[in-house]
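Residue-level structure breakdown
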Amino acid sequence: MQKSIDTEIPSMNEAAEDEKATKSRGRPREFDREAALAQATRLFWAKGYEATSIMDLTKAMGIGSPSLYAAFGSKEALYADAVRHYGENYEPLFWHNFQAASTAREAVESFLLDTAAVLSRGRDGISTGCMMALSSVGSEGSEQLNELLRSARAAALERLEARIHRAFAEGEIPASVDRHALARYMQTVQGGMSILARDFATYAELKDVAETAMMAWDSLVADENGRAKTSKKRRK
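This text gives an overview of the structure that appears in the document. (Residues numbered from 1 in each chain as written. Predicted model: local features only at pLDDT ≥ 70, side-chain atom pairs only at ≥ 80, totals over all residues. Heavy atoms only, no water.)

Here we take up the overall build of the protein. The helix and strand tally for the protein stands at 12 helices and zero strands. Ordered by position in the sequence, the α and β elements of the protein form the string α-α-α-α-α-α-α-α-α-α-α-α. Put simply, the protein has 236 residues, and 41% of those count as buried. For the protein, long-range pairs separated by at least 24 residues make up 68% of all intrachain contacts whose partners lie at least 6 apart in sequence. With an accessible surface of roughly 13,600 Å², the protein has 54% of that area assigned to carbon and sulfur atoms. (Helix = DSSP H or I, 4+ residues; strand = E, 2+ residues; numbered from the N terminus. Buried < 20%, exposed > 50% of the residue type's maximum accessible area, 1.4 Å probe, protein only. Contact = heavy atoms within 4.5 Å. Areas by Shrake-Rupley, 256 points an atom, 1.4 Å probe, with all protein chains shown as cover.)

Encoded structure:
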């Protein structure tokens with residue numbers, strides 16, 4: 001028996017649906033720039049600029065080199081975006097409790113202890129060590145990139161120094177203290193902790209460094225009677 005025409009020929013709606021499905025199967029997945037940037041940031045953080053190749057980046061980001069250049073322009077521009085991404089997404093882990101603290105001592109202690117906690121564990125996609133501090137160990141490509149990194153590190157010093165100046169204005173720190181030197185000292189301690197974390201120092205070891213630095217703070221920030229002006233609440 002001859003089959004009916006209706007069963008032989010698909011309807012116009014069915015044909016349109018088939019064509020739509022075919023196009024959908026052949027359409028490339030939409031590119032997620034921020035997700036790719038996050039992967040690039042973790043790779044640069046772990047390996048540094050010079051040691052990270054374009055092949056490393058395309059593999060980690062799940063894209064081809066043409067897509068990388070189309071989205072970011074160059075490896076150097078991608079690294080600059082990675083520095084921005086790091087600042088927006090990871091630096092709050094170090095600075096949130098610092099900014100919320102009621103005294104400068106609590107703020108600096110939080111900054112150092114949070115550094116010990118975050119950077120010694122390398123969890124949730126976080127590499128050991130601070131990306132900004134570790135980038136200072138060697139050259140990171142062009143002078144423009146080095147200037148970008150110097151600016152990022154200078155911002156950390158400015159935060160510390162501003163909080164210490166505020167503590168002086170509030171009477172927490174005496175006039176005899178060199179406030180710039182104190183801020184620079186605490187920045188140097190945190191940078192050293194980052195390098196130790198990259199060398200697999202434990203949380204307990206980094207916590208000891210932080211607590212020793214706060215003993216130095218207490219020795220430097222003492223009133224005329226020799227009593228350290230410590231906060232009432234001490235972190236354990």
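What follows is about the pattern of salt bridges. Evaluated as defined, the whole model comprises 11 salt bridges. A salt bridge links Arg105 to Asp218; the shortest N-O distance between them is 2.8 Å. Here Asp218 lies in helix 12 (residues 203-220) and Arg105 lies in helix 8 (residues 104-119), a separation of 113 residues in the sequence. Residue Arg105 shares its accessibility class with Asp218, and that shared class is buried. With its nearest N and O atoms 3.0 Å apart, the salt bridge here joins Arg166 to Glu170. Among the charged side chains, a salt-bridge network with shared partners connects Glu34, Arg84 and Glu88. (Salt bridge = Lys/Arg side-chain N within 4 Å of Asp/Glu carboxyl O.)

On their own, these measurements won't tell you what the molecule is for.
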